[in-house]
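Examination of the molecular architecture
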Amino acid sequence: MFPKVKVRSQPRGSFSVAEYRALIAAARSLRGHSHPVLDRLTAGERFWIARELLVMPDELPWLIRWMVNTFVRPSDIKLMKHKHIEVVRGKHVYLRMNLPETKRHSQPIVSLRPAVRVYECLRAYRETHGFGGAEDYIFMPHLKNREHALAVLNFFFHWVLEKTGLEKGPLGQSRTLYCLRHTAITLRLLYGQGIDMLTLARNARTSVNMVERFYASVLSGEMNVGLLQSRRGRMN
């Protein structure tokens, strides 16, 4: 017999709408600026990121918006190529993303409409730099080591967090790129009209249990007081 051990799940620190906008504004303002660590390096001193890469990349504001409008994990970012993305234009406009399998999930992901504009702008930018082909990676395509590419993006996202003073979540959690995925799911729970947990979980490649434990746990009834007080229409 083993004793029962209760484990308290601590949700990652998602961003509010105001904080999300502040992140984008800060990332845009820092584009093209050298990271402060570059000024502290002495001649000949090495850093884990090459000196020529210690400049805020143009793509970081797009990355922030992309993650909040696509529900993807940071691990998806390093694997995504243009061949995995299809723009769908019909009654609804969205991206259909057939991404490589992650965490035993392989179903396509459907994005929100703003992700289409983000992707089209990013791809046009990529094509001007010779990286718009089907086999090219969407983010940091010039870095062949994809683990390193993701680490570089995390490094610059942390700079944006420092710039905005948002390094810590409401419960003291250290924030990372993964918090953008948390934000995507949390905002859908808050503002998605009548969305159900199963649909959201399937599209985010997770389970209903995980949504309840790590995403919905930070929500309160008052956040959606309008839905709580809504009434069905009278039957004729």
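Remember, predicted model here, so these are calculated numbers, not experimental data. (Residues numbered from 1 in each chain as written. Predicted model: local features only at pLDDT ≥ 70, side-chain atom pairs only at ≥ 80, totals over all residues. Heavy atoms only, no water.)

Some words on the overall build of the chain
Of the regular secondary structure elements, the chain holds 10 helices and three strands. The order of helices and strands in the chain, counted from the N terminus, is α-α-α-α-β-β-β-α-α-α-α-α-α. Here the chain holds 236 residues, and 43% of them are scored as buried. The long-range share in the chain, meaning contacts at least 24 apart out of those at least 6 apart in sequence, stands at 67%. Total accessible area on the chain stands at roughly 13800 Å², and carbon and sulfur atoms take up 52% of it. (Helix = DSSP H or I, 4+ residues; strand = E, 2+ residues; numbered from the N terminus. Buried < 20%, exposed > 50% of the residue type's maximum accessible area, 1.4 Å probe, protein only. Contact = heavy atoms within 4.5 Å. Areas by Shrake-Rupley, 256 points an atom, 1.4 Å probe, with all protein chains shown as cover.)

Describing the packing of helix H1 (residues 17–30) against helix H6 (residues 146–164)
As a packed pair, H1 and H6 sit with axes 9 Å apart at the nearest point and diverge in direction by 110°. When the axes of H1 and H6 are compared, the pair comes out roughly perpendicular. The interaxial crossing formed by H1 with H6 has right-handed handedness. For the pair formed by H1 and H6, the contact residues are Ala22, Leu23, Ala26, Ala27 and Leu30 on the first element and Phe157, Trp159, Val160, Leu161, Lys163 and Thr164 on the second. Taken together, the residues that form the contact of H1 with H6 break down as nine nonpolar, one polar and one charged. (Axes fitted to C-alpha atoms, helices over the stretch in contact; angles between N-to-C directions. Parallel < 35°, antiparallel > 145°, perpendicular 65-115°, else oblique. Left-handed = near helix turned anticlockwise from the far one by under 90°. Nonpolar A, V, L, I, M, F, W, Y, C, P; charged D, E, K, R; others polar.)

Focus on unusual backbone geometry
The phi dihedral of Phe71 is positive, around 70°, even though this residue is not glycine. Among the secondary structure elements, Phe71 is positioned in the loop between helix H3 (60–68) and helix H4 (74–77). For Phe71, a relative accessible area of 2% puts it in the buried group.

Let's talk about the pairing of strand E1 (residues 85–89)
Of the strand pairs in this sheet, E1 and strand E2 (residues 93–97) are connected by five bridges, and their pairing is antiparallel. Of the residues in E2, the one forming a bridge with Arg89 is Val93. Counting the residues between successive antiparallel strands, the hairpin from E1 to E2 contains three residues. (Pairing = 2+ DSSP bridges.)

Comments concerning the sheet that holds E1
Judged by pairing direction, the sheet is antiparallel, and its three strands sit side by side in the order E1-E2-E3 without closing on themselves. One side of each edge strand has no neighbouring strand; the edge strands of this open sheet are E1 and strand E3 (109–110). Across the sheet, helix H5 (residues 114–128) is in contact with E1 and E2; its angle to E1 comes to roughly 125°.

What is shown is where atoms sit, not what they do.
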